[in-house]
Amino acid sequence: MNSEQLTEILKAAFPAADIAVSGQGGKFDLRIVDDQFEGKRPVARQQSVYAPLNDYIKSGEVHAVTIRAMTKEEWRKASLFGV
């Protein structure tokens, strides 16, 4: 599994999202910006991101992920303040 393949999997699950994936060797950092996260708690956001990845995690193709799942407004604020 590489960053490009993981990006395509996430784009299929979150078609309207801005997605950035970095990493290799089964360890990835994910940033998914999508307004469908509005009103969801952090755990619910992570669960929705893990859902399309579960088979790849079980197989060992994906070993570890760091997830930043946020709305467009949250991303705008984070970008302004360098978070």
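Residues numbered from 1 in each chain as written. Predicted model: local features only at pLDDT ≥ 70, side-chain atom pairs only at ≥ 80, totals over all residues. Heavy atoms only, no water.

J.: Lay out helix α1 (residues 3-13) with the relevant residues and their values.
T.: Here α1 has its buried residues at S3, L6, T7, I9 and L10. Projected down its long axis, α1 shows its buried positions confined to an angular sector of 160°, all on one face. α1 presents E4 and A12 as exposed residues on the side facing more than 90 degrees away from its buried surface. Among the structural elements, β1 (18-24), β2 (27-33), α2 (42-50) and α3 (54-59) are those in contact with the buried residues of α1. (Buried < 20%, exposed > 50% of the residue type's maximum accessible area, 1.4 Å probe, protein only. Helix = DSSP H or I, 4+ residues; strand = E, 2+ residues; numbered from the N terminus. Arc of directions from axis to C-beta. Contact = heavy atoms within 4.5 Å.)

J.: Lay out α2 in plain terms, naming residues and giving numbers.
T.: Side chains of residues three or four places apart in an α-helix project in the same direction, reflecting 3.6 residues per turn. Listing the buried residues of α2 in full gives R45, S48 and V49. Viewed along the axis of α2, the buried residues span an arc of 100°, placing them on a single side of the element. In α2, the exposed positions that point more than 90 degrees away from the buried face belong to V43 and Q47. Where the residues of α2 are buried, they touch α1, β2, β3 (64-70) and α4 (72-80).

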